[in-house]
Amino acid sequence: EDGLLRLECDVALAALSVTPASDTTVGRMLIEQALGAATHAAAQIPQRASNHQRVGNALVAWARFDPGAKSAADLSHVDFARAERLAPVDAFILSDHATAELSLGRGDRALAPALKIVALYPEAASGHALEAAAWLAMKKPAEARAALLRARDARWDPEDASRRAAVEAMLAAPLAPVPQN
């Protein structure tokens with residue numbers, strides 16, 4: 001069952017998130033476990049978007065663990081795109097994609113899935129907040145501030161209290177222009 005493989009991937013990635021960076025042996029083992037489970041799930045049922053989402057998440061974990069693994073980062077974008085083609089209105093997949101790209105420092109690639117969330121769910125704060133993060137990563141403070149204002153005024157889920165507080169704090173502090181290189 002591919003559901004068990006997705007769960008195995010999720011558990012391995014959760015364990016990786018609490019593994020000390022210095023423990024490279026365990027880190028590599030967890031990445032291999034997550035990626036193996038996810039790719040097996042995607043091979044088993046390739047038309048299930050969440051299987052490709054897990055492959056993308058595992059590839060991002062690999063790229064973050066090993067900065068030299070640029071191909072993993074590039075492949076993650078491909079798997080998230082495949083998941084989005086299969087489930088174009090799944091906000092969880094879009095959110096994972098935007099968050100993954102942001103974690104890799106690729107605000108330009110995070111913007112598209114964030115804007116899709118905004119278009120699908122304009123009343124929800126999460127898409128606007130992801131959009132703001134993408135703009136910030138691209139060193140565009142004016143655009144980020146506009147998205148933060150939309151996030152502040154949008155609907156927040158009760159479990160997002162800390163994110164809402166972060167948006168409020170960012171709006172209270174001036175977004176200094178980022179020096180251009």
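Residues numbered from 1 in each chain as written. Predicted model: local features only at pLDDT ≥ 70, side-chain atom pairs only at ≥ 80, totals over all residues. Heavy atoms only, no water.

Peer 1: So what's going on with the overall build of the protein chain? Residues and values would help.
Peer 2: A tally of helices and strands in the protein chain yields 9 helices and 0 strands. In the protein chain, the order of α-helices and β-strands from amino to carboxyl end is α-α-α-α-α-α-α-α-α. Each principal axis of the C-alpha atoms in the protein chain carries an extent, and together these give about 45 × 35 × 30 Å. The buried share among the 181 residues of the protein chain stands at 40%. Counted over contacts in the protein chain with a minimum sequence separation of 6, partners at least 24 positions apart contribute 55%. Of the accessible surface of the protein chain, which amounts to about 9600 Å², a share of 60% is contributed by carbon and sulfur atoms. Charged side chains of the protein chain number 19 positive and 22 negative; the gap between the two group centres comes to 5 Å. (Helix = DSSP H or I, 4+ residues; strand = E, 2+ residues; numbered from the N terminus. Buried < 20%, exposed > 50% of the residue type's maximum accessible area, 1.4 Å probe, protein only. Contact = heavy atoms within 4.5 Å. Areas by Shrake-Rupley, 256 points an atom, 1.4 Å probe, with all protein chains shown as cover. Lys, Arg positive; Asp, Glu negative; His and termini not counted. Charge placed at Lys NZ, Arg CZ, Asp CG, Glu CD.)

Peer 1: So what's going on with the packing of helix α8 (residues 141-153) against helix α9 (residues 161-172)? Residues and values would help.
Peer 2: How two helices sit against one another is set out by the angle between their axes and by the gap between those axes. α9 packs onto α8 with a crossing angle of 135 degrees between their chain directions and a minimal axis gap of 10 Å. Accordingly, the angle class assigned to the pair α8 and α9 is oblique. Viewed along their axes, α8 and α9 form a crossing whose handedness is left-handed. Only Arg 164, Val 167, Glu 168, Met 170 and Leu 171 of α9 make contact with α8, whose side of the interface consists of Arg 145, Leu 148, Leu 149, Ala 151 and Arg 152. (Axes fitted to C-alpha atoms, helices over the stretch in contact; angles between N-to-C directions. Parallel < 35°, antiparallel > 145°, perpendicular 65-115°, else oblique. Left-handed = near helix turned anticlockwise from the far one by under 90°.)

Peer 1: Summarise the environment of Thr 39; cite the residues concerned and give the values.
Peer 2: As for its placement among the helices and strands, Thr 39 is situated in helix α2 (residues 24-44). Note on Thr 39: relative accessible area 38%, which makes it partly exposed. Residues Thr 39 and Asn 51 lie 12 residues apart in sequence; the distance between their C-alpha atoms is 7.6 Å. Here Leu 35 takes part through its backbone oxygen, which lies 2.8 Å from a polar atom of the side chain of Thr 39. (Polar contact = N/O pair within 3.5 Å; in protein donor to acceptor, adjacent residues only side chain to side chain.)

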